[in-house]
Protein chains: 4
Amino acid sequence: MAGSTFGTLFKITTWGESHGKALGVVIDGAPAGLPLDEQDIQSFLDRRKPGQSRIATPRKESDLVQILSGIFDGKTTGTPISLLVPNTSQKSSDYGEIASYYRPGHADYTFDAKYGFRDYRGGGRSSGRETIGRVAAGAVASKILGRMGIALTAYTRSIGPIEADLSHFDRSAILSTPTCMPDPAADELACAYLKECMTEKDSSGGVVECIISGMPAGVGDPVFEKLDANLSKAIMSIGAVKAVEIGDGLRAAAAKGSENNDAFHMEDEKIVKKTNHSGGILGGISDGSPILLRAFFKPTPSIFRKQETVNKAGENITVEIKGRHDPVIVPRAVVVVESMAALAVLDACMINMSSRLEYLTDFYSQKK
Amino acid sequence: MAGSTFGTLFKITTWGESHGKALGVVIDGAPAGLPLDEQDIQSFLDRRKPGQSRIATPRKESDLVQILSGIFDGKTTGTPISLLVPNTSQKSSDYGEIASYYRPGHADYTFDAKYGFRDYRGGGRSSGRETIGRVAAGAVASKILGRMGIALTAYTRSIGPIEADLSHFDRSAILSTPTCMPDPAADELACAYLKECMTEKDSSGGVVECIISGMPAGVGDPVFEKLDANLSKAIMSIGAVKAVEIGDGLRAAAAKGSENNDAFHMEDEKIVKKTNHSGGILGGISDGSPILLRAFFKPTPSIFRKQETVNKAGENITVEIKGRHDPVIVPRAVVVVESMAALAVLDACMINMSSRLEYLTDFYSQKK
Amino acid sequence: MAGSTFGTLFKITTWGESHGKALGVVIDGAPAGLPLDEQDIQSFLDRRKPGQSRIATPRKESDLVQILSGIFDGKTTGTPISLLVPNTSQKSSDYGEIASYYRPGHADYTFDAKYGFRDYRGGGRSSGRETIGRVAAGAVASKILGRMGIALTAYTRSIGPIEADLSHFDRSAILSTPTCMPDPAADELACAYLKECMTEKDSSGGVVECIISGMPAGVGDPVFEKLDANLSKAIMSIGAVKAVEIGDGLRAAAAKGSENNDAFHMEDEKIVKKTNHSGGILGGISDGSPILLRAFFKPTPSIFRKQETVNKAGENITVEIKGRHDPVIVPRAVVVVESMAALAVLDACMINMSSRLEYLTDFYSQKK
Amino acid sequence: MAGSTFGTLFKITTWGESHGKALGVVIDGAPAGLPLDEQDIQSFLDRRKPGQSRIATPRKESDLVQILSGIFDGKTTGTPISLLVPNTSQKSSDYGEIASYYRPGHADYTFDAKYGFRDYRGGGRSSGRETIGRVAAGAVASKILGRMGIALTAYTRSIGPIEADLSHFDRSAILSTPTCMPDPAADELACAYLKECMTEKDSSGGVVECIISGMPAGVGDPVFEKLDANLSKAIMSIGAVKAVEIGDGLRAAAAKGSENNDAFHMEDEKIVKKTNHSGGILGGISDGSPILLRAFFKPTPSIFRKQETVNKAGENITVEIKGRHDPVIVPRAVVVVESMAALAVLDACMINMSSRLEYLTDFYSQKK
């Protein structure tokens, strides 16, 4: 069905394949009056680049965004913002081989099972390039949230067995290290581990963590539209994510109530929590503490070892995948996680504005 | 907003509070022609009961479902099925105390922050009784899936540190043990652990696992409506769930590609996978292997120890929660996980029917 | 599919058949803090009654609403409001005959064509009784709109060839005349016309008009979610409606631009329009003038004349429908039109609150 | 909010302003396997042109569509189809004057009331050019419906007081006459009437009629998602439409039941209706007869007479609008009506595929 749309009031629709003419997104429901230009979006897209090109200077002129609609006099008009990124650097390689069989760990087989055939060039719609639209929209959502005092910070928490030590959190390292870890020492270890993986013609999984600070209490809805439920959908919809945690996440399942409950207390006449095992959400509604989530990514499925699989003729075969493939998805996915979280949070904030009668009566009495 | 509705074509809307007159669900979009009576639904609701009452005979006559609409001549008519469960056994206890403060780990504070006040009796809408509507609808979805050859099995995988050993999987134990573990030996250990928790006025978290077998390949949608994304939302929307895994889940993040990729091969002229690290979903679309998911539940927040919190007057206080509270949520949540998974999978199956032009042309040429 | 849900933020789901156990509605997304009791809803439901019972005293105790959830301390809590009306007065007549053939002008054939069979008792889900849920929800929406200064007034504009003369608009007559016309003289003529129809074993169509006053300018969205588009869907979804007009409606199609354009001018430092051909909506957004719409109802299809039709065996037959059937639908539909208009307008008002960045920043800066 | 998306399973999202860089649409949910190229879409877009350019040869190279995604090997892949039309011919005229005041009959004032400011160039998002996306998507929907045996025919029924006589229906005249009337004689009269309007610096309204043939019985849903309700929303969402009729429409309101009911009878072992007052829909579900609808368009609001209005400074002023404006919207709107009807009908057909249990079990038993 129409699976390329996300959100209720802040709604985005992405389109485009790895090797088509372009990729893009339509953002519908952005509030009017936000100053916005290409650079706001480009700075997010640049974070999607591979480690070397992201930090290299001068950067390669690729994945350049164009704003096609929705902006006038430098500000959003409230009407759809159409963003487009031409596919300039995709080489028309020989995909004849890939076309004929199903790569393990990829969506080749499932797309064929669903649609009867597929655009096999570079993975088509199931390529990681599909996230360009998410990130472009995430840039807009993040800028709006910033105006509301809400900030998102995502980074690589671990790669394979190497975990960042957050006790010396180095914010600048997120954008400057190849792994996007906030811990240069762990980054070095992770780089060494990845080199090892490459030598072994193998790849690695990893974890992205995201913190959302400045969240007011009271955002999100009970039952099915819980803020954590929508965040989970947002994060799990990113290709290669296999698990999502909020707050203590899976550790909560092994904990006791006395360890997991967060005590409320008064601080500067405000209600705060002494700990944040909940990850900033109770009963699906933000509790005023920072929201904390984690996305678990599987290893890059394209590895250069011999692998068993079947071809379209229904024969068991052995294949060796060629081409250039990152040994880990995680560093490039950091900004994708941050973007998806921004989209889910902004939508919840917009929806929340009509949750009390007094909000409606105050709003409309001011209008008259 | 309208957070009590789930699904696109198979859509359910739940309602009701812990201590209101009744709880219920409206199922809209159930296909016509399914034989359905109260017993089909009651057998699911009975699985929501506490361990002793679930297996005791004769069972306590509580949480009895009534079908109010949508059935004629014993079959679904295609119009909304309204199911209602009267709240007979909820005692009008003295909730004056709870009304005045915010229980740690509960949604008391966040409901007040959002709505300005709350129905504090038994947790109101944030009570575990809210799941009655989910389970009643899940019974209907499961019966439909059964006709399609798709079966769901959920059980307790672990409680606190005690994990079921699936190498001697005992299906009958799921319904007969107090913990709903498919492993009577682990069940005994878990019961002992829970007794210890109670002695310490504490509670425990745990893990529910769900297997969906008989899934055809090709169900689910790319990008935002991925089958795993919708399953994650479905599961994470259950109160107390803090993490969700598909397939290898978080272990995938620590794995290498050569360990995580599943080899395809031919078996009886069908494409199958030699392993199932993916948990039955690739690129958001079912791959024909069983779907495997895990829900991580936090410990029951109602514990009998002294806890610090704040009251509505903005004072720091110490409280001791009274009443009857399970030391673990997990066994009663098993059928809730199974129900939510059924709802997400059935909706995806219905949506999938128009994914190819030939499906449309075949369908409508037969109608003429 | 799930066709029984209406609205985005203020969302209602209706259920129930003519001769089932009960009918009802779940209202999800009502803002918290609205004082609400059964009488608020009952007064709307009473307007659905046939002319004589509506104005007779003491009224027949039928279609009594029960509030099952969503209210605490006399106010809405922000969680789903479940309303139920038991089907007490539906006689279990002999429907064996109706079951076997397709009544002209009814949905008997189309339900069978879609679902394979149908609940034939009293029309099942396609009965006019389906509107009970709409009206119960409309009562809640109207009360909220009232707090916002927005008022709806619907009445019978015409029955067959008899049209109410609005130059002596008598508001009290809407509730007191059998036809719900705001013109007692026209009411008398219409009653005589209807008597004639009954003598001829025939029925009549008619028109309901609805005025929405107090609308602030700026509500509604461009393109597909235009306020008039959603009002049209709301009205056309009422059984028996065959046309909808906004403002001058079909007369606009015969007019010239100089006749149809409304001049803006300043009045008391506010922008107003000198005329209201637009019916209060320009470009899908409210323009501050009253919204004016008209619903055109076909005649009651159940007439007592001999009619040709086919039976389920595929034979051409002649039938004579029996039972009690109103010769006109319109007077009882007045409150249905008003209710559906209220639902569409309230939803648009709630959605509109996030249309500007400053609304978001002001709202959330006040929360912190 | 996100008002630029239409449809549930066949979902479209349009974007673009009159004088922006481009306009376009993303079609999500198109079934895989449909042969599709630019010419399929261009032929629809060409019907949006003004009368002379539409029939002139060689045609002016304007509004040329580009397919950016969703097609592989000449066929739809099931993933989003992104269509873009560059805004090449929009002159950057001097809009300084329009920017300062509110044109009567336009959405200038309501956009400002909603968003605080607007893109005033050529009407921005409220321009008729917004329909480019609708028509491009309508071309795809129509081609799919054609494969299913469903055909749509729209034409101008009347312009001002001049009505086409359908007793000599000339199909070829729809595409070849300047007015798109299927009656060359009426076309001549209408052209003369329009010339008169222009001389008087005035404009005219008119009516578009659309017939949908080949509709199977049983499509559409009861209650809120009635096929006629969705068609009404689709049509009323077109700018300048002020009324919608299905079948006899407003005439049904003046009729008697004996005149309005359609008798069923058997013909070639199929159930058909002797008349079609219902316009092919009963109870919101298609009845197998052709669907008939009418859209009533107001006159072009841009007229060259002096008009009273207010400016942004809040002063009463007199204005004379300049530029090139059609004296009637209707001929160019014919293909827009046809497109919107196609979108609504196709979505209903796709949704309908899961309405019976046997459809689901048959579908999935074939898949295994």
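These figures come from a predicted structure and were not determined experimentally.

Draft legend 1. Region of the structure containing the overall build of chain A. Looking only at helices and strands, chain A features 12 helices and 18 strands. For chain A, whose C-alpha radius of gyration is 22 Å, the value lies close to the compact-globule estimate of 21 Å for 368 residues. If one aligns the C-alpha atoms of chain A with their principal axes, the spans along those axes are about 65 × 50 × 45 Å. When contacts within chain A are restricted to residue pairs at least 6 apart in sequence, long-range pairs at least 24 apart make up 67% of them. When the accessible surface of chain A is summed, it comes to about 11800 Å², and 51% of that surface belongs to carbon and sulfur atoms. Both charge centroids of chain A, one from 42 positive and one from 44 negative side chains, sit 4 Å from each other.

Draft legend 2. The sheet that holds strand E9 (residues 162-163) of chain B, seen in detail. Taken together, the 10 strands give an open sheet; going across it, the order is E9(A)-E8(A)-E10(A)-E16(A)-E11(A)-E11(B)-E16(B)-E10(B)-E8(B)-E9(B), and neighbouring strands pair in antiparallel fashion. The open sheet has two free edges, formed respectively by strand E9 (162-163) of chain A together with E9 of chain B, since each of these has just one partner strand. Pairing between strand E8 (residues 151-159) of chain A and strand E10 (residues 206-213) of chain A: eight bridges, direction antiparallel. By the bridge assignment, Thr153(A) is partnered in E10(A) with Ile211(A). The strands touched by helix H8 (residues 227-236) of chain A are strand E11 (241-246) and strand E16 (291-297) of chain A together with strand E11 (241-246) of chain B; relative to E11(A), the strand with the most contacts, the crossing angle is about 155°.

Draft legend 3. Up close: the relation of the copies chain C and chain B. Of the transformation placing chain C onto chain B, the axial shift is 0.0 Å and the rotation is 180°, giving an RMSD of 0.0 Å. In short, the pair behaves as if placed about a two-fold rotation axis.

Draft legend 4. Representation of the interface of chain A and chain B within the structure. Contact with chain A, which involves 108 residues of that partner, is made by 108 residues of chain B. Across the chain A/chain B interface, buried area totals approximately 8400 Å², and carbon plus sulfur atoms make up 60% of it. Area buried by chain A at its contact with chain B is led by Lys114(A), Phe224(A) and Lys242(A), which between them contribute 10% of it. The interface formed by chain A and chain B holds eight salt bridges in total. Residue Glu308(B) pairs with Lys274(A) through a salt bridge whose shortest N-O separation is 2.7 Å. Residue contributions to the side of chain A that touches chain B peak at seven residues, all from helix H4 (residues 108-115) of chain A. Among the residues making up the side of chain A that touches chain B, the classes are represented as 46 nonpolar, 37 polar and 25 charged.

Draft legend 5. How the structure looks around the packing of helix H1 (residues 38-46) of chain D against helix H5 (residues 131-147) of chain D. All names here are of chain D. Packing of H1 against H5 brings their axes to within 8 Å, and their N-to-C directions diverge by 125°. Relative to H5, H1 is oriented oblique. Considering how the two elements wind past one another, H1 and H5 form a crossing that is right-handed. Across from Asp40, Ile41, Phe44 and Leu45 in H1, the residues of H5 making contact are Ile132, Val135, Ala136, Gly138, Ala139, Val140, Ser142 and Lys143.

Draft legend 6. Region of interest: the interface of chain C and chain B. In this complex, chain C contributes 44 residues to the contact, which on the side of chain B involves 44 residues. A combined buried area of about 3400 Å² lies between chain C and chain B, and 64% of that area is made up of carbon and sulfur atoms. Its largest share of buried area at the contact with chain B, chain C owes to Leu68(C), Phe72(C) and Phe117(C), together 19% of the area lost on that side. Our count for the chain C to chain B interface comes out at zero salt bridges. Those elements that place two or more of their residues in the side of chain C that touches chain B are strand E2 (11-16), strand E3 (22-28), strand E6 (75-76), strand E7 (81-86) and helix H4 (108-115) of chain C. Per-element accounting of the side of chain C that touches chain B gives the leading share, five residues, to E2(C). Along the lines of polarity and charge, the residues of the side of chain C that touches chain B split into 17 nonpolar, 16 polar and 11 charged.

Draft legend 7. Representation of the environment of His265(B) in the model. Position of His265(B) among the secondary structure elements: in strand E12 (residues 264-267). Through-space distance from the C-alpha of His265(B) to that of Lys233(B) is 32 Å; in sequence the pair is 32 residues apart. Aside from chain neighbours lying at most four places away, what touches His265(B) is Val310(A), Asn316(A), Lys270(B), Ile271(B), Val272(B), Lys273(B) and Lys274(B). At 3.5 Å, the side chain of His265(B) forms a polar contact with the side chain of Glu267(B).

What counts, and where the lines are drawn
- Residues numbered from 1 in each chain as written.
- Chains lettered and ligands numbered in written order.
- Predicted model: local features only at pLDDT ≥ 70, side-chain atom pairs only at ≥ 80, totals over all residues.
- Heavy atoms only, no water.
- Helix = DSSP H or I, 4+ residues; strand = E, 2+ residues; numbered from the N terminus.
- Rg over C-alpha atoms; globule rule 2.2 N^0.38 Å.
- Contact = heavy atoms within 4.5 Å.
- Areas by Shrake-Rupley, 256 points an atom, 1.4 Å probe, with all protein chains shown as cover.
- Lys, Arg positive; Asp, Glu negative; His and termini not counted.
- Charge placed at Lys NZ, Arg CZ, Asp CG, Glu CD.
- Pairing = 2+ DSSP bridges.
- Axes fitted to C-alpha atoms, helices over the stretch in contact; angles between N-to-C directions.
- Least-squares fit on C-alpha atoms with pLDDT ≥ 70 in both.
- Buried area = accessible area lost by both parts, 1.4 Å probe.
- Salt bridge = Lys/Arg side-chain N within 4 Å of Asp/Glu carboxyl O.
- Nonpolar A, V, L, I, M, F, W, Y, C, P; charged D, E, K, R; others polar.
- Parallel < 35°, antiparallel > 145°, perpendicular 65-115°, else oblique.
- Left-handed = near helix turned anticlockwise from the far one by under 90°.
- Polar contact = N/O pair within 3.5 Å; in protein donor to acceptor, adjacent residues only side chain to side chain.

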